[in-house]
Amino acid sequence: MLADGEIQAGVVVRATEGYTPALPGLRRELAPVYSLIIATQPLPESVWAEIGWDRRVTLSDARRLLIYAQRSADGRIVLGGRGAPYHFGSRTIPAFDSSPAVFAHLRRTLATLFPAAATARITHRWGGPLGVPRDWTPGVCFAPDTGLAWAGGYVGDGVAAAALAGRTLADLIRGQRTPRTALPWVVDHRRPWEPEPARWLGINAGHLLAADTRENRTGRLGPALDHLTGH
Ligand SMILES: Cc1cc2nc3c(=O)[nH]c(=O)nc-3n(C[C@H](O)[C@H](O)[C@H](O)COP(=O)(O)OP(=O)(O)OC[C@H]3O[C@@H](n4cnc5c(N)ncnc54)[C@H](O)[C@@H]3O)c2cc1C
């Protein structure tokens, strides 16, 4: 039932990713973990030459709370990362899409990784919630008996994965068996996150323990985070 009407459909596909917990009964389905990103002004060729980033390869430091960056078509460094707090009760509001502290952290990281661009002006800052499942594994699901389908839980890697998930859902809904429907991410249920306050404590403790301290020091993922991420 919507505020302004009711829609009936034979099949309903839920593709709400990080916003899913706001739907009734789905509070523990996915944790919205925020990723924020900044972009520099277009950099002059002399800066690119000093950095030595002459092709548009993308990069990531491959930690769980990672930094990722690319050279944009118009010559900017676009650098993002996680580290914004998880908000109690899996809340998502537009104000969470930006955080001065995280933007400042990204700025410092940019200066550390690319000293030649340390004084570049930051012209864009933005962010949004990622959908993180309890086992950090995306899934695709269709239940013909109820007509309910869902896909998601991409943990921030959904641009390509969501397209594959959509094609896979189309096959499933049409009742076709294809190589896509045989992929292991086609599942019939998902393990929920713990209720609050355990969810809030676990995710934010994981951020605190894992991000830039323990892993940097030891080079290894701590056991507490292994448990949290389902690995
Ligand atoms: C800063 C940042 C950088 C990123 N960089 C990358 C990257 O480099 N590569 C990559 O692969 N991924 C990246 N991602 C992740 C990527 O954006 C997501 O994985 C992808 O957008 C997921 O697609 P989706 O369509 O499943 O969900 P979304 O794009 O999150 O779309 C969900 C939709 O659901 C709608 N919605 C919410 N609530 C309701 C409701 N009640 N009813 C109806 N609709 C609703 C929302 O308005 C939204 O349009 C990044 C994310 C962020 C925030």
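This structure is a prediction, so every number in the text was calculated from the model and none was measured.

This part is about the overall build of the protein. Secondary structure assignment for the protein yields 5 helices and 8 strands. When the helices and strands of the protein are listed from N to C terminus, the series reads β-β-α-β-β-β-α-β-β-β-α-α-α. Expressed as a percentage of its 231 residues, the buried residues of the protein come to 42%.

Moving on: the nonpolar core. Counting 21 residues, the largest nonpolar core has Leu 36, Leu 43, Ile 77, Leu 79, Leu 106, Phe 114 and Ala 117 as the members making the most contacts within it. If you tally residues by element for this core, the top one is helix α2 (residues 100-113), at 4 residues. Sequence-distant contacts of Ile 77, that is, excluding residues within four places in its chain, are made with Ile 38, Ala 39, Thr 40, Leu 43, Trp 48, Ile 51, Trp 53, Gln 70, Leu 110, Phe 114 and Ala 117. If you look at the next biggest cluster of nonpolar residues, it comprises 10 residues, including Phe 142, Ala 151, Ala 165 and Trp 185.

All told, the structure shown has 8 salt bridges when counted by the stated rule. Measuring nitrogen to oxygen at the nearest pair gives 2.8 Å for the salt bridge that ties Asp 74 to Arg 76. Relative accessible area serves as the criterion here: at 42%, Asp 74 is assigned to the partly exposed category. Its relative accessible area of 16% is what places Arg 76 among the buried residues. Arg 199 is the partner of Glu 196 in a salt bridge, and the nearest nitrogen-oxygen pair spans 3.5 Å. We classify Glu 196 as partly exposed; its relative accessible area is 22%. The class for Arg 199 is buried, based on a relative accessible area of 2%. The structure contains a network of salt bridges with shared partners spanning Arg 14, Glu 29 and Arg 190.

Around the ligand, a shell composed of 15 residues is seen, among which Tyr 68, Gly 156, Asp 157, Gly 158 and Val 159 lie nearest. Within the backbone of Gly 158, an N or O atom sits 2.9 Å from an oxygen atom of the ligand. Here an oxygen atom of the ligand and a backbone polar atom of Val 159 are 2.9 Å apart. Elements with a minimum of two residues in the shell around the ligand: β2 (31-40), β6 (122-132) and α3 (158-173). Class assignment of the residues belonging to the shell around the ligand gives a composition of 8 nonpolar, 5 polar and 2 charged. Viewed by domain, the shell around the ligand spans two of them, domain 1 (12-30 + 134-173) and domain 2 (34-130), each represented by three or more residues.

Rules used throughout
Residues numbered from 1 in each chain as written. Predicted model: local features only at pLDDT ≥ 70, side-chain atom pairs only at ≥ 80, totals over all residues. Heavy atoms only, no water. Helix = DSSP H or I, 4+ residues; strand = E, 2+ residues; numbered from the N terminus. Buried < 20%, exposed > 50% of the residue type's maximum accessible area, 1.4 Å probe, protein only. Core = buried A, V, L, I, M, F, W, Y, C linked by side-chain atoms within 4.5 Å. Contact = heavy atoms within 4.5 Å. Salt bridge = Lys/Arg side-chain N within 4 Å of Asp/Glu carboxyl O. Near = heavy atom within 4 Å. Polar contact = N/O pair within 3.5 Å; in protein donor to acceptor, adjacent residues only side chain to side chain. Nonpolar A, V, L, I, M, F, W, Y, C, P; charged D, E, K, R; others polar. Domains from an automatic or database assignment.

Geometric values such as these leave the question of function open.
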